[in-house]
Amino acid sequence: MRMKYLFYFLFVSILISLSSCNKEDEPSPDNEGSPRDWTYLNDQIKFYIDNVEQVSISEITVRSLQLKASNDDFSFPWYSTTLKVKGLLPKDKILEIEVLADVERFEGTTSINGIDYDVTGEYTGSPFEHYKDMGIIVNLNKKL
């Protein structure tokens, strides 16, 4: 009888500990996102508009949805990625930039105050190490 209660206690304890884990701490491979999905802060960010660094950028949140997995074992999948940029627009507004990405680089277009920009960028650090060691570089250049 005592063994039955011990088993029940262990089972309930395991269930409680699994349900209390905070899944927002690090991205999960189960969400079909990119291993680069993360919230980059301050010194992890380099953001340029027409080759001028924008030091006001405080945060860039990257969220992705995998578009297709490659049939080639040596290439990475493609992602539809949204960059949510804090610190560029006034009054805590967030600039959302849609890009096409892999785990190394991305590109797309955006418009700010009626001006169209080509967006290119890259990630720094390995996506397979700790997230605090990763970074992001974003370049916006006016379309001609």
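Above this text is the structure in question.
Because the structure is predicted, anything quoted here is derived from the model rather than measured.

Undergrad: I keep staring at the nonpolar core and nothing clicks. Help me out?
TA: Side chains of nonpolar character tend, in soluble globular proteins, to be buried together. Counting 24 residues, the largest nonpolar core has Phe47, Ile60, Leu83, Phe106, Ile136, Val138 and Leu140 as the members making the most contacts within it. Elements with a minimum of two residues in this core: strand E2 (45-49), strand E4 (59-68), strand E5 (78-86), strand E6 (94-101), strand E7 (105-112), strand E8 (115-124) and strand E9 (135-142). Once you skip the residues sitting within four places of it in the chain, Phe106 turns out to touch Leu83, Val99, Leu100, Ala101, Val119, Thr120, Gly121, Glu122, Tyr123, Ile136, Ile137 and Val138.

Undergrad: I tried to follow the pairing of E7 on my own but got confused; where do I start?
TA: Each regular strand shows side chains that alternate between the opposite faces of the sheet. Judged from the three bridges that link them, E6 and E7 form a sheet pairing that is antiparallel. Residue pairing across strands places Leu100 opposite Glu107, the latter belonging to E7. Remark: three residues form the turn of the hairpin made by E6 and E7, two consecutive strands paired antiparallel. Hairpin connection from E7 to E8: two residues lie between these consecutive antiparallel strands, with Asn113 at a positive phi of about 50°.

Undergrad: Looking at this model, I keep getting lost on the pairing of E8. Mind explaining?
TA: Relative to E8, E7 is paired through eight bridges, and the arrangement is antiparallel. Within the sheet, the bridge partner assigned to Thr110 lies in E8 and is Tyr117.

Undergrad: Help me understand a nonpolar patch on the surface in this model?
TA: Residues Leu67, Trp78 and Leu100 make up a contiguous nonpolar surface patch of about 280 Å² in total accessible area. Tracing the chain through its elements places Trp78 in strand E5. Owing to a relative accessible area of 34%, Trp78 belongs among the partly exposed residues under this scheme.

Undergrad: What is the right way to read unusual backbone geometry from this model?
TA: Apart from glycine, the bulk of residues carry a negative phi angle, and the bulk of peptide bonds sit in the trans form. Even without glycine at this site, Lys91 takes up a positive phi of about 55°. Inspection of the secondary structure assignment puts Lys91 in the loop between E5 and E6.

Undergrad: Can you walk me through the environment of Val52 in this structure?
TA: With respect to the helices and strands, Val52 occurs in strand E3 (residues 52-53). On the accessibility criterion, Val52 (48% relative accessible area) is partly exposed. Measuring from C-alpha to C-alpha, the distance between Val52 and Asn139 comes to 9.2 Å, with 87 residues separating the pair along the chain.

Undergrad: Looking at this structure, I do not really get the pattern of salt bridges. What am I missing?
TA: Under the defined criterion, the tally for this structure stands at six salt bridges. Across the pair Lys86 and Glu59 runs a salt bridge whose closest N-O atoms are separated by 3.3 Å. Placement of Lys86 in strand E5 and of Glu59 in strand E4 is noted, with a sequence separation of 27 residues between them. The exposure class of Lys86 is partly exposed, given its relative accessible area of 33%. Linking Lys132 and Asp133 is a salt bridge whose minimum nitrogen-to-oxygen distance equals 3.7 Å. A residue is classified by how much of its surface remains accessible, and Lys132, at 58% relative accessible area, is exposed. For Asp133, a relative accessible area of 44% gives the class partly exposed. Residues joined by salt bridges that share partners form a network here, namely Asp102, Glu104 and Arg105.

About the cut-offs
Residues numbered from 1 in each chain as written. Predicted model: local features only at pLDDT ≥ 70, side-chain atom pairs only at ≥ 80, totals over all residues. Heavy atoms only, no water. Core = buried A, V, L, I, M, F, W, Y, C linked by side-chain atoms within 4.5 Å. Buried < 20%, exposed > 50% of the residue type's maximum accessible area, 1.4 Å probe, protein only. Helix = DSSP H or I, 4+ residues; strand = E, 2+ residues; numbered from the N terminus. Contact = heavy atoms within 4.5 Å. Pairing = 2+ DSSP bridges. Patch = residues over 30% accessible without salt bridge, like charges linked within 9 Å, V, L, I, M, F, W, Y side chains within 5 Å. Areas by Shrake-Rupley, 256 points an atom, 1.4 Å probe, with all protein chains shown as cover. Salt bridge = Lys/Arg side-chain N within 4 Å of Asp/Glu carboxyl O.

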